[in-house]
Structure formats: structure tokens, C-alpha cells
Amino acid sequence: METTKKRVRRSAEQRLADLEKKQAEILERQRAALAKIEEARKRLKQSPSTRKETLEQEKRFGRAAQAIAPDWDYRHFIAAIEKVLADTADAADLSVRGEALLEEHGKAKRGRRPKSA
């Protein structure tokens, strides 16, 4: 005798839970896709000249930081920033002083660079 497989009926609550789970998965995929599109849009909007300027600012910051505090690393800089913000320093004064320090210490060394660098 062959036994027939009985059909398992799911309750309405189970089907509803599955639909909600499926909806959550679709929404998560959509969020990821939108974030990816937004990142691509941001990259395209950033012109090459802006990218070059930003890269130069980062290099200047690194050179100035190395000249002012050669033994500090990122942890020290973050702590210093937090301490200054806690003291409620004026952003305009800090900007002027920072620009002066970048001008003084952030310039590249003059002269020819070796090819290995």
C-alpha cells in the first residue's frame, strides 16, 4: 500500500510572518542598492580638481602633524580634538591658527625626490 503524503496547512499567522520576513529582506536589499547608487553619485559629483585639492590637504596635514608632534599617532590627535571641543574653543580662531600652522609646517620639502619614494 502506498501512503499518500499529507498536506501540511500553514496557519494564517505563519503565512503572514513569512510575508513580513520577505518584505524585510527586500527592503534591506533596496537600502543597500540605494546606498551603492548614492556612493557612485557622490564619486561622480566630486570633480578631479576637488579630489586633487583634498588629497593635497591630507598630505599637508600629515606633514604638519609629523613636524609638530612626531611621536603622536591617531589616538593622540583624536584625544586632543576631543579635549579642545570640550573646552569650547572658537572654530574661527582654530581655523586661522590651523591655516598658519599648515602654511608653516605643511609644505613639501624642496628639492628633487628620489625615484624610490
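Everything in this summary refers to the structure shown in the same document.

Analysis parameters
Residues numbered from 1 in each chain as written. Predicted model: local features only at pLDDT ≥ 70, side-chain atom pairs only at ≥ 80, totals over all residues. Heavy atoms only, no water. Axes fitted to C-alpha atoms, helices over the stretch in contact; angles between N-to-C directions. Helix = DSSP H or I, 4+ residues; strand = E, 2+ residues; numbered from the N terminus. Parallel < 35°, antiparallel > 145°, perpendicular 65-115°, else oblique. Contact = heavy atoms within 4.5 Å. Nonpolar A, V, L, I, M, F, W, Y, C, P; charged D, E, K, R; others polar. 1 Å grid on protein atoms, 1.4 Å probe; cavity = no way out; pocket = protein on both sides within 12 Å on 5 of 7 lines; lining within 4 Å. Points joined across faces, edges and corners; volume = space filled by probe spheres on them. Expected span 1.5 Å × (residues − 1). Buried < 20%, exposed > 50% of the residue type's maximum accessible area, 1.4 Å probe, protein only. Phe/Tyr/Trp six-rings, centres within 6.5 Å; stacked < 30°, edge-to-face > 60°. Salt bridge = Lys/Arg side-chain N within 4 Å of Asp/Glu carboxyl O.

1. Topic: the packing of helix 2 (residues 48–68) against helix 4 (residues 91–105)
Two numbers describe how helix 2 lies on helix 4: the axes approach to 9 Å, and their chain directions differ by 80°. As summarised for this structure, helix 2 and helix 4 are arranged roughly perpendicular, according to the angle between their axes. On helix 4, the residues touching Gln57, Arg60, Phe61, Arg63, Ala64, Ala67 and Ile68 of helix 2 are Glu99, Leu101, Leu102, Glu103 and His105. A per-class count over the contact of helix 2 with helix 4 returns 6 nonpolar, 2 polar and 4 charged.

2. Examining the layout of surface pockets
Empty space within the largest pocket amounts to approximately 700 Å³. Contributing elements (two or more residues each) for the lining of the largest pocket: helix 2, helix 3 (74–86) and helix 4. Looking at the lining of the largest pocket residue by residue, the classes come out as 16 nonpolar, 2 polar and 2 charged.

3. Examining helix 3
With 13 residues, helix 3 should reach 18 Å at 1.5 Å per residue; the first-to-last C-alpha distance of 18 Å fits that figure. Among the 13 residues that make up helix 3, 0 are buried, leaving the element largely open to the surroundings. Phi turns positive one or two residues past the end of helix 3, at Thr88, with a value near 50°.

4. Describing the side chain of Arg60
Within the element layout of this structure, Arg60 appears in helix 2. The buried category is assigned to Arg60, whose relative accessible area is 13%. Not counting chain neighbours up to four residues away, the residues in contact with Arg60 comprise Glu99, Leu102, Glu103 and Gly106.

5. A word on the packing of aromatic side chains
Applying the stated criterion across every chain yields a total of 2 aromatic pairs. Aromatic pair Trp72 and Phe77: ring centres 5.5 Å apart, planes at 70°, arrangement edge-to-face. Judged by relative accessible area, Trp72 falls into the partly exposed class, the value being 38%. Members of the aromatic cluster, connected to one another through ring pairs, are Phe61, Trp72 and Phe77.

6. Quick look at the pattern of salt bridges
One pass over the structure, following the stated rule, counts 7 salt bridges. Among the salt bridges present, the one from Glu28 reaches Arg31, with a minimum N-O distance of 3.4 Å. Taken together, the positions of Glu28 and Arg31, both in helix 1 (residues 12–45) and 3 residues apart, correspond to about one turn of that helix. By relative accessible area, Glu28 is classed as partly exposed at 46%. For Asp73, the salt bridge is made with Arg75, and the minimal N-O distance between the two is 2.6 Å. The exposure class of Arg75 is exposed, given its relative accessible area of 62%.

Purely spatial values, then, with no claim about function.
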